[in-house]
Amino acid sequence: MAATTTSDVRLIGAWPSPFVMRARIALNIKSVDYEFLQEQLGSKSDLLLKSNPVHKKIPVLIHSDRPICESLVIVQYIDDVWASGPSILPSDPYDCAIARFWAAYIDDKWFPSLSGIARAQGEEAKKAAIEQVVEGLVLLEDAFLKCGKGKAFFGGDTIGYLDIALGCYLGWIRVTEKMNNMKLLDEAKTPNLVTWADKFCGDGSVKDVMPETDKLAEFAKVLMAKFRAPPPN
Amino acid sequence: MAEEVKLFRTWSSPFALRIVWALKLKGIQYETIFEDISNKSPLLLQYNPVYKKVPVLVHNGKPVSESLVILEYIEDTWKQTPLLPEDPYERATARFWAKFVDDKLMPSIWHVFVTQGKEQDEAIPLAIENLNLIEEQLKGKKFFSGETIGLVDIAFGWMGNLISVLEMVTGLKLIDAEKFPLLQAWMQNLSDVQVIKENWPPHDKLVSKFQAIRETYLATGAPK
């Protein structure tokens, strides 16, 4: 693969977004240099609107002037293009299907339940919302044991697709725990995920792009004040 | 090990139909297990404990759920008659539009289907906007994938025929030949594909079923 110049690979995003983080982790895994074009909260750049006219959302990867949208589509694209780097998707078709299944579950079912905590009105509703998130994490704990097969990550010895799909939310999980004074990732219910979370956050391809909890919590306050809404999607 | 492929489906599930088409296009032998949604089999619940839904593909005893995940699995496992292009950018484009069908297009059309009066009037523009977006993808092409059908055609294909059922039941014309000439041509081309043509659920049965579904929604405003 010919060397790519920095401007050949551009990523439109924002530091707090878990979806943007997915793309950044994938690029880091492949050691791809890229230009990070940060969007400002509350406004969308012309480049973003032009590159993602359908959804008008971040992240957008622009590779040789061609845009790719939707975070998991981007991660798969990165894996396809920079094939000589460490693999992100499992090589075995069945393992790959399981990773894709759980990644879709995380986005379609689990993440909405996480957002639901901030939106819940009153103690009862909040408690129910928290329970739902934890139930999902218990399912994912089980998935971790089956996929990881005793290794450090869902992907085995190194970070893979499903690690990225779930791990990107760790910043927001920690903010939610802090703001509600409780634990979502619990030693009692999800001990393996607790260990996994620390390893994930400490990984070379993750640590520079995972926001600090305090910084993210400050941002969450600004966001809630501005939009009276849950964390960004 | 002898290859054993089973597909858990219902006679009408459009998501299961995607899998039927993919398996048939690739010439894969499989056994069909028809489920009664009101009385799900223990096997289905065992194979898909998270969603408890069809379709589920079971390959040599190992289950895969969620139709787009199953399609990718089929593509990864059986290399003949590829459903996805080789080029990474084109692959990403196909995946993007398949996801758009499930996340945006279908829900917006469904919303028109299950409402009436003012609520329906307000739902129509979004469905039309989404149809416009997908119509554009057909410019200069016979199918979304080009000359032969691929992932996006399979993902959206059931709408190609079901739209006439939904239009009959609601009395609305959503895919107007004048406004959507490319989609109209695509639906015609799709219905000429052997595998699609031979595996379409009976039209009258679909009309009755969707009539009943719409009536339930309008009466209760909630899914069954």
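Residues numbered from 1 in each chain as written. Chains lettered and ligands numbered in written order. Predicted model: local features only at pLDDT ≥ 70, side-chain atom pairs only at ≥ 80, totals over all residues. Heavy atoms only, no water.

**Topic: the UniProt feature "domain: GST N-terminal" (unreviewed entry) in chain B**
- UniProt feature "domain: GST N-terminal" (unreviewed entry): in the numbering of this structure it lies at residues 3–82 of chain B.
- End C-alpha atoms of residues 3–82 of chain B are separated by 20 Å, and the span's content is 36% helix alongside 21% strand. (UniProt positions renumbered as here; feature names shortened; annotations may be inferred. Helix = DSSP H or I, 4+ residues; strand = E, 2+ residues; numbered from the N terminus.)

**A short note on the sheet that holds strand β1 (residues 5–9) of chain B**
Residue and element names in this part refer to chain B.
- The sheet built from four strands is open, its strands ordered β2-β1-β3-β4 with mixed pairing. On the outer flanks of this sheet lie β2 (31–34) and β4 (62–65), each paired with one strand and no other. Sheet twist, expressed as the average angle between the axes of neighbouring strands with direction ignored, equals 20°.
- Where strand β3 (residues 56–59) lies against β4, four bridges are found, and the strand directions are antiparallel. Within β4, the residue paired with V56 across the bridge is S65. (Pairing = 2+ DSSP bridges. Axes fitted to C-alpha atoms, helices over the stretch in contact; angles between N-to-C directions.)

**Re the packing of aromatic side chains**
- On inspection of all chains with the given rule, the structure shows 29 aromatic pairs over all chains.
- Measuring from centroid to centroid gives 4.9 Å for F144 of chain A and F154 of chain A, while their planes differ by 85°, and the two rings are edge-to-face. Note that F144 of chain A is positioned in helix α5 (residues 123–148) and F154 of chain A in the loop between α5 and α6 (161–167), a separation of 10 residues in sequence.
- The class of F144 of chain A is buried, set by a relative accessible area of 5%.
- For the ring pair W110 of chain B and F210 of chain B, a centre distance of 6.3 Å and an interplane angle of 80° mean the geometry is edge-to-face. Highlighted residues: W110 of chain B in helix α4 (residues 88–113) and F210 of chain B in helix α9 (residues 203–220), separated in sequence by 100 residues.
- Following the ring pairs from residue to residue traces out a cluster consisting of F19, W110, F111 and Y169 of chain A. (Phe/Tyr/Trp six-rings, centres within 6.5 Å; stacked < 30°, edge-to-face > 60°. Buried < 20%, exposed > 50% of the residue type's maximum accessible area, 1.4 Å probe, protein only.)

**Some details on the interface of chain B and chain A**
- Residue-level contacts link 24 residues of chain B with 22 residues of chain A.
- Counting the surface lost from both chain B and chain A, the interface buries some 2300 Å², and carbon and sulfur atoms represent 70% of this.
- Three residues stand out in chain B for area buried against chain A, namely Y51, Y89 and F96 of chain B, and they jointly supply 28% of the buried area on that side.
- Applying the counting rule to chain B against chain A returns five salt bridges.
- For E72 of chain B, the salt bridge identified is with R100 of chain A, shortest N-O distance 3.4 Å.
- Put simply, chain B and chain A have seven residue pairs in polar contact (both at pLDDT 80 or more) between them.
- Sorting the residues of the side of chain B that touches chain A by element identifies β4, α3 (67–77) and α4 of chain B as the ones contributing at least two each.
- If you tally residues by element for the side of chain B that touches chain A, the top one is α4 of chain B, at 10 residues. (Contact = heavy atoms within 4.5 Å. Buried area = accessible area lost by both parts, 1.4 Å probe. Salt bridge = Lys/Arg side-chain N within 4 Å of Asp/Glu carboxyl O. Polar contact = N/O pair within 3.5 Å; in protein donor to acceptor, adjacent residues only side chain to side chain.)

**What about the side chain of K26 of chain B?**
- Structurally, K26 of chain B can be placed in the loop between α1 (14–25) and β2.
- Here the side chain of K26 of chain B touches T81 of chain B through a polar contact of 3.3 Å, landing on its backbone oxygen.

**Quick look at the UniProt feature "domain: GST C-terminal" (unreviewed entry) in chain B**
- When the UniProt feature table is mapped onto this chain, "domain: GST C-terminal" (unreviewed entry) is found at residues 87–210 of chain B.
- Between the end C-alpha atoms of residues 87–210 of chain B the distance is 39 Å, and the span holds 72% helix and 0% strand.

**Structural notes on the layout of surface pockets**
Residue and element names in this part refer to chain A.
- Roughly 780 Å³ of internal volume is contained in the second largest pocket.
- Together, 37 residues line the second largest pocket, and Y94, I98, W102, K146 and C147 are the ones closest to its centre.
- Among the elements that line the lining of the second largest pocket, the one with the most residues is helix α4 (residues 93–119), at seven residues.
- Classifying every residue of the lining of the second largest pocket gives 21 nonpolar, 10 polar and six charged. (1 Å grid on protein atoms, 1.4 Å probe; cavity = no way out; pocket = protein on both sides within 12 Å on 5 of 7 lines; lining within 4 Å. Points joined across faces, edges and corners; volume = space filled by probe spheres on them. Nonpolar A, V, L, I, M, F, W, Y, C, P; charged D, E, K, R; others polar.)

**A look at the nonpolar core**
- By size, the foremost hydrophobic cluster in this structure holds 158 residues, and its most contacted members are W110, L184, W196 and F200 of chain A together with F156 and L183 of chain B.
- Discounting residues that sit within four places of it in the chain, W196 of chain A has contacts with F144, A152, F153, F154, D163, L166, G167 and L170 of chain A.
- The next biggest cluster of nonpolar side chains, apart from the first, holds six residues, and it includes F8, L44, V54 and V56 of chain B. (Core = buried A, V, L, I, M, F, W, Y, C linked by side-chain atoms within 4.5 Å.)

**Quick word on the packing of α4 of chain A against α3 of chain B**
- Orientation of α4 of chain A relative to α3 of chain B, taken along the N-to-C sense of each, is 165°, at an axis distance of 9 Å. Relative to α3 of chain B, the element α4 of chain A lies roughly antiparallel. Considering how the two elements wind past one another, α4 of chain A and α3 of chain B form a crossing that is right-handed. Here α4 of chain A contributes P93, Y94, C96, A97, R100 and F101 of chain A to the contact with α3 of chain B, which in turn contributes V69, E72, Y73, D76 and T77 of chain B. (Parallel < 35°, antiparallel > 145°, perpendicular 65-115°, else oblique. Left-handed = near helix turned anticlockwise from the far one by under 90°.)

**Quick look at the pattern of salt bridges**
- Taken as a whole and judged by the stated rule, the model has 21 salt bridges over all chains.
- In this structure, the salt-bridge partner of E122 of chain B is K118 of chain B, at a minimum N-O distance of 3.2 Å. Here the residue E122 of chain B and the residue K118 of chain B both occupy positions in helix α5 (residues 117–136), the gap between them amounting to four residues, near one helical turn.
- For K118 of chain B, a relative accessible area of 64% puts it in the exposed group.
- Linked through salt bridges whose partners overlap, the residues forming this network are D80 and R100 of chain A together with E72, D76, R91 and R95 of chain B.

**Some thoughts on unusual backbone geometry**
- The omega angle of the peptide bond from I58 of chain A to P59 of chain A is 0°, so this bond is cis rather than trans.
- Among the secondary structure elements, P59 of chain A is positioned in the loop between α2 (46–51) and β3 (60–63).
- A cis amide bond links V54 of chain B with the next residue in sequence, P55 of chain B, at an omega value of 0°.
- Within the chain, S31 of chain A stands out as a residue other than glycine whose phi angle is a positive 55°.
- Take S31 of chain A: it is sitting in the loop between α1 (18–29) and β2 (35–38).
- With phi around 60°, K52 of chain B is a residue other than glycine that occupies positive phi space.
- Locating K52 of chain B in the fold gives a position in the loop between α2 (42–47) and β3.
- Classification of K52 of chain B as partly exposed rests on a relative accessible area of 40%.

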